[in-house]
Amino acid sequence: MDESGGSGQPRSGTDEATERHEGPQASTGPAADAPRPGPESPEDPTGPKPTEPGGSTETPRPAEGTEPATRPSDESPATPRPSDEPPATPRPSDEPPAHPDPTDDTPSHFGAPSDPETTGSARTFAKSGSGKGRPPRREKGPGGGLLMGRPFGVPVYVAPSWFLVAALITWVFGGQLDRVLPELGALRYLVSLFFAVAFYASVLVHELAHTVAALRFGLPVRRIQLQFFGGVSEIEKESETPGREFVLAFVGPLLSLVLSGVFYLAMQTVEPGTVPGVLLGGLMISNLIVAVFNLLPGLPLDGGRMLRAVVWKITGKPMSGTIAAAWVGRALAVSVLIGLPLLTQSGALGDASEDIGGMDTVMDALLAAILAAIIWTGAGNSLRMARLREHLPELRARALTRRAVPVETSTPLSEALRRANDAGARALVVVDADGQPLSLVREAAIVGVPEHRRPWVAVSGLAQDLTDGMRVSAELAGEDLLDALRANPATEYLVVEESGEIYGVLSAADVERAFVKAMARPS
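Residues numbered from 1 in each chain as written. Predicted model: local features only at pLDDT ≥ 70, side-chain atom pairs only at ≥ 80, totals over all residues. Heavy atoms only, no water.

### Quick notes on the overall build of the protein chain
Then comes step 1: Tallying secondary structure elements over the protein chain gives twelve helices and eleven strands in all.
Then comes step 2: Counting the 523 residues in the protein chain, one finds 50% classified as buried.
Then comes step 3: Counting only carbon and sulfur atoms, one obtains 61% of the accessible surface of the protein chain, whose full area is about 23900 Å². (Helix = DSSP H or I, 4+ residues; strand = E, 2+ residues; numbered from the N terminus. Buried < 20%, exposed > 50% of the residue type's maximum accessible area, 1.4 Å probe, protein only. Areas by Shrake-Rupley, 256 points an atom, 1.4 Å probe, with all protein chains shown as cover.)

Okay, structure coming up:
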């Protein structure tokens, strides 16, 4: 199938500072680096300088020379660095935090990081105009190659690497035709090209079998891609039962076996030693090889998924099935790397060893190395994806949301920060006179405003206008939450209850850090 940093955990109920955290950047946008704060000045009536939990990629950066941080605390930030884009990967907290009382005597400063296991976000009393705040459906990403069609509504792409393989098949099969049908001359390469196209059409049928089964089980399929050494159906969700997993994996090799039988029967109706006879014979053998190879019991092959389903059924744990099938896949990769050249040299796969030249030996070794690398890498990716899916339920919007306070557009920044610190909040939501949310104040923009100017700066000038995609439901969790964030990249989101009441503000940096923490825990 397919293929940051940041900071800010759910707000704290104390003034305790946490240590600095920096993360790598991911493909959907750079995450903000977290600075180490300095001590808070006792004369500061507005509390510490907040840092940026989010902001859209379309919003301007803070004032020149000041870079916002994503982990403010009770202390003043020292040379923080901002990010106007959300991190790509999130992480969850251990337990859904309870909502502390806003009137608690120990304030939680605006923007201060906290322990997610002991604190959480409290709802505000403004209302959201977006109803339940359900995120829009994620759009399909662009395909990697040439779009060939949309059978069953699933886009089929041909990757650029396919043309390289088609040229290689044309050259190799053309050499075979020169020995079998020498009278063809240069036309043998045209026949060989037809064979290459027909062979990949058979691979497409193999992948369509997986796709139809997935759609039958209600699993979304992102795309089918024909590429180097075959094809892949990108199914976006796991099967719910081991039985469905087994069927989903088995239908591909089964259809390849059926195609091999069909080509064999068709071969009986034509004269041997003719162009149709040679083409049908080649397609029969190639589909048989595809079926047998994919039935090998190791991930990422179909046989590996079948083995995973069997172990899953026996143990009741899908992760146990993935681990077993992945390690068998790695053993299979080593076997292919060593065994394929030896079998070719021994003549077990066709030619006797004395007929094999030096270039053939090198080509066999190269082919074995490529196949082994694909299998080994696919097995490792399967393990990583299984761990990711295992920890996804730990991502809960409600547990990661920061407390927010509503402020009107004309409210001075200093007054808004005072209210936030008094309420133990870490986010500001700009509302209209009726309490309807209009925008989210970006912490990066706040950091860019010197303290002596904050009483004369209105919060509306530092806010990012809300879009429909920036409103998410407090009930979102796991893959649904990640789908909502990926569909509408931003660094902050307004979290709302089913009733439309504002619950708080979700920072993409918080989600990223929670995800990394969850992935670091053993399965």
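Back to the text.
### Quick notes on the sheet that holds strand 1 (residues 146-149)
Then comes step 1: Here we have four strands laid out as an open sheet, ordered 1-2-3-4, and mixed in their pairing. Edge positions in the sheet fall to strand 1 and strand 4 (230-235), since each has one partner strand and no second. Ignoring strand direction, the axes of neighbouring strands in this sheet form an average angle of 25°.
Then comes step 2: Pairing analysis gives three bridges linking strand 2 (residues 156-158) to strand 3 (residues 221-227), with the strands arranged parallel. Paired with Tyr157 across the strands is Gln225, a residue of strand 3.
Then comes step 3: Packed onto the sheet, helix 2 (residues 187-216) meets strand 2, strand 3 and strand 4 and runs at close to 165° relative to strand 3. (Pairing = 2+ DSSP bridges. Axes fitted to C-alpha atoms, helices over the stretch in contact; angles between N-to-C directions. Contact = heavy atoms within 4.5 Å.)

### Quick look at the packing of helix 3 (residues 242-267) against helix 4 (residues 275-294)
Then comes step 1: At a closest axis distance of 8 Å, the pairing of helix 3 and helix 4 adopts a crossing angle of 160°. Between helix 3 and helix 4, the crossing angle belongs to the class labelled roughly antiparallel. Crossing of helix 3 against helix 4: the hand is left-handed. On the side of helix 3, the interface is formed by Pro253, Ser256, Leu257, Leu259, Ser260, Phe263, Tyr264, Ala266 and Met267, while helix 4 contributes Gly277, Leu280, Gly281, Leu283, Met284, Asn287, Leu288, Val290, Ala291 and Asn294.
Then comes step 2: Tallied by class, the residues present in the contact of helix 3 with helix 4 amount to 13 nonpolar, six polar and no charged. (Parallel < 35°, antiparallel > 145°, perpendicular 65-115°, else oblique. Left-handed = near helix turned anticlockwise from the far one by under 90°. Nonpolar A, V, L, I, M, F, W, Y, C, P; charged D, E, K, R; others polar.)

### As for the environment of Gly304
Then comes step 1: Along the chain, the position of Gly304 falls in helix 5 (residues 302-315).
Then comes step 2: Using a relative accessible area of 0% as the deciding quantity, one classes Gly304 as buried.
Then comes step 3: Separated by 20 residues in the primary sequence, Gly304 and Ala324 have C-alpha atoms spaced 9.0 Å apart.
Then comes step 4: Leave out the neighbours within four places in its chain, and Gly304 touches Leu296, Pro297, Gly298, Leu299 and Ala325.

### What about the sheet that holds strand 11 (residues 502-507)?
Then comes step 1: Sheet architecture is open: three strands sit in the order 9-10-11, paired in mixed fashion. Of all the strands in the sheet, just strand 9 (471-473) and strand 11 have a single pairing partner and so form its edges. Each strand of the sheet is rotated relative to its neighbour by a mean of 35°, with strand direction disregarded.
Then comes step 2: Two elements, strand 9 and strand 10 (residues 492-496), share three bridges in a ladder whose sense is parallel. The residue bridging Ser473 from the neighbouring strand is Val496, located in strand 10.
Then comes step 3: Where helix 12 (residues 508-520) meets the sheet, its contacts fall on strand 10 and strand 11, and the angle it forms with strand 11 comes to roughly 65°.

### Quick word on the confidence of the model for the protein chain
Then comes step 1: Here the protein chain shows a mean pLDDT of 75. Residues at 70 or above account for 69%.
Then comes step 2: Across residues 111-143, confidence stays below pLDDT 50; counting only partners more than four residues off in sequence or on other chains, it has 127 contacts.
Then comes step 3: Below a pLDDT of 50 lies the segment residues 352-356, which in the model reaches six contacts outside its immediate sequence neighbourhood of four places, other chains included. (pLDDT = per-residue confidence, 0-100.)

### Comments concerning unusual backbone geometry
Then comes step 1: Looking along the chain, the bond that leaves Leu299 and enters Pro300 is cis, with omega of 10°.
Then comes step 2: The topology assignment puts Pro300 in the loop between helix 4 and helix 5.
Then comes step 3: In this structure, Phe152 is a non-glycine residue whose phi angle is positive, near 60°.
Then comes step 4: By the secondary structure assignment, Phe152 is in the loop between strand 1 and strand 2.
Then comes step 5: Overall, the relative accessible area of 57% leaves Phe152 in the exposed class.

### Digging into helix 9 (residues 413-423)
Then comes step 1: Those residues of helix 9 lying buried are Leu413, Ser414, Ala416, Leu417, Ala420, Asn421 and Ala423.
Then comes step 2: Gly424 sits one or two residues past helix 9 and shows a positive phi near 70°.

### Looking at the packing of aromatic side chains
Then comes step 1: One pass over the full model with this rule turns up six aromatic pairs.
Then comes step 2: Taking 5.0 Å as the distance between ring centres and 80° as the angle between the ring planes, the aromatic pair formed by Trp162 and Phe163 counts as edge-to-face.
Then comes step 3: Take Trp162: its relative accessible area is 12%, and that puts it in the buried class.
Then comes step 4: The exposure class assigned to Phe163 is partly exposed, which follows from its relative accessible area of 46%.
Then comes step 5: Sitting above the plane of the Trp327 ring, Arg330 keeps its charged end 4.7 Å from the centroid.
Then comes step 6: Above the ring of Trp376, the side-chain terminus of Arg330 is found at 5.2 Å from the ring centroid. (Phe/Tyr/Trp six-rings, centres within 6.5 Å; stacked < 30°, edge-to-face > 60°. Lys NZ or Arg CZ within 6 Å of the ring centre and 35° of its normal.)

### Quick look at the pattern of salt bridges
Oppositely charged side chains are able to pair whenever their charged atoms sit close together.
Then comes step 1: All told, the structure shown has 14 salt bridges when counted by the stated rule.
Then comes step 2: One salt bridge in this structure joins Glu497 and Arg398, with 3.0 Å as the shortest N-O distance. In this pair, Glu497 is assigned in the loop between strand 10 and strand 11 and Arg398 in helix 8 (residues 397-400), connecting sequence segments 99 residues apart.
Then comes step 3: What makes Glu497 buried here is its relative accessible area of 9%.
Then comes step 4: Classification of Arg398 by relative accessible area gives partly exposed; the value is 25%. (Salt bridge = Lys/Arg side-chain N within 4 Å of Asp/Glu carboxyl O.)

### Notes on helix 3
Then comes step 1: Taking 1.5 Å per residue, 26 residues should reach 38 Å; helix 3 reaches 38 Å between its end C-alpha atoms and fits that length.
Then comes step 2: If you look at helix 3, its biggest bend is around 30°, right at Val251, and the proline Pro253 turns up within four residues after that.
Then comes step 3: Among all positions of helix 3, only Pro242, Glu245, Leu248, Ala249, Val251, Gly252, Pro253, Ser256, Leu259, Ser260 and Phe263 are buried.
Then comes step 4: Buried positions along helix 3 lie against helix 2, strand 4, helix 4 and helix 5. (Expected span 1.5 Å × (residues − 1). Bend = angle between axes of the 7 residues up to and from the residue.)

### Some thoughts on the environment of Gly378
Then comes step 1: Within the element layout of this structure, Gly378 appears in helix 7 (residues 358-391).
Then comes step 2: Gly378 sits in the buried class, given a relative accessible area of 12%.
Then comes step 3: Separated by 78 residues in the primary sequence, Gly378 and Pro300 place their C-alpha atoms 5.1 Å from one another.

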